[in-house]
Amino acid sequence: MKTGAPSLHRALGPVDLLLLGVGCVVGAGIYILPGVAAAEYAGPAVTLAFVAAAAACGLTGLCYAELATAMPIAGASYGVSSVKQDDD
């Protein structure tokens, strides 16, 4: 390995890539089939589930924003934008 420039080496082989592709296909099927079943059998509960998920995502975003302001050195965009300028 050269000491001057960092280099990347190949870590995935043909079998790894094949298994990754199969995993993606199976994973997509796992997420699609419950959605179809929920739409056919759950009725209005699907809408309520999406509303609950949206509320949870919104609260997660607020928690991230609070955490970013607590640790501005981490480089989060919200933390950097909320730092007060001392030049004023």
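Note that residues are indexed from 1 along each chain, following the sequence as it is written. Note on the predicted model: pLDDT of at least 70 is required for a residue's local features to be given, and 80 or more for side-chain atom pairs to be given and counted; whole-chain, interface and lining totals, by contrast, use all residues. To get the side-chain values, all heavy atoms of the structure are used, and hydrogens and water are removed first.

## What to know about the overall build of the protein chain
Note on conventions: DSSP H or I runs of at least 4 residues are helices, E runs of at least 2 residues are strands, and numbering of each starts at the N terminus. Tallying secondary structure elements over the protein chain gives three helices and zero strands in all. Any residue under 20% of the maximum accessible area for its type is buried, any over 50% is exposed, and the rest in between are partly exposed; the area is computed with a 1.4 Å probe on protein chains only. Burial analysis of the protein chain (88 residues in total) assigns 5% to the buried set. Surface accessibility of the protein chain: about 7900 Å² in total, with carbon and sulfur atoms responsible for 71%. Surface accessibility in these figures is a Shrake-Rupley result with a 1.4 Å probe; residues are shielded only by whichever protein chains are displayed.

## Regarding a nonpolar patch on the surface
Where nonpolar side chains cluster on the molecular surface, the patch consists of L18, V22, V26 and I30 and spans about 380 Å² of accessible area. Among the secondary structure elements, V22 is positioned in helix α1 (residues 14-41). In this scheme, patches are assembled from residues that exceed 30% relative accessible area and form no salt bridge. Like charges are connected within 9 Å, while nonpolar side chains (Val, Leu, Ile, Met, Phe, Trp, Tyr) are connected within 5 Å. Definition used for salt bridges: Asp or Glu carboxyl oxygen within 4 Å of a side-chain nitrogen of Lys or Arg.

## Description of the confidence of the model for the protein chain
Close inspection of predicted coordinates is inappropriate for parts of the model with low pLDDT. Residue-level confidence of the predictor is what pLDDT reports, using numbers from 0 through 100. Considering every residue of the protein chain, the mean pLDDT works out to 76; 74% of them sit at 70 or more. For the protein chain, per-element mean pLDDT is lowest for helix α3 (residues 77-81), which scores 55, and highest for helix α2 (residues 45-70), which scores 84.

## Here we look at α1
In this scheme, a helix's expected span is set at 1.5 Å multiplied by one less than its residue total. Here α1 contains 28 residues, and its C-alpha end-to-end distance of 41 Å stays within 8% of the 40 Å for a straight helix at 1.5 Å per residue. Looking one or two residues beyond α1, the residue adopting positive phi is G43, at roughly 75 degrees.

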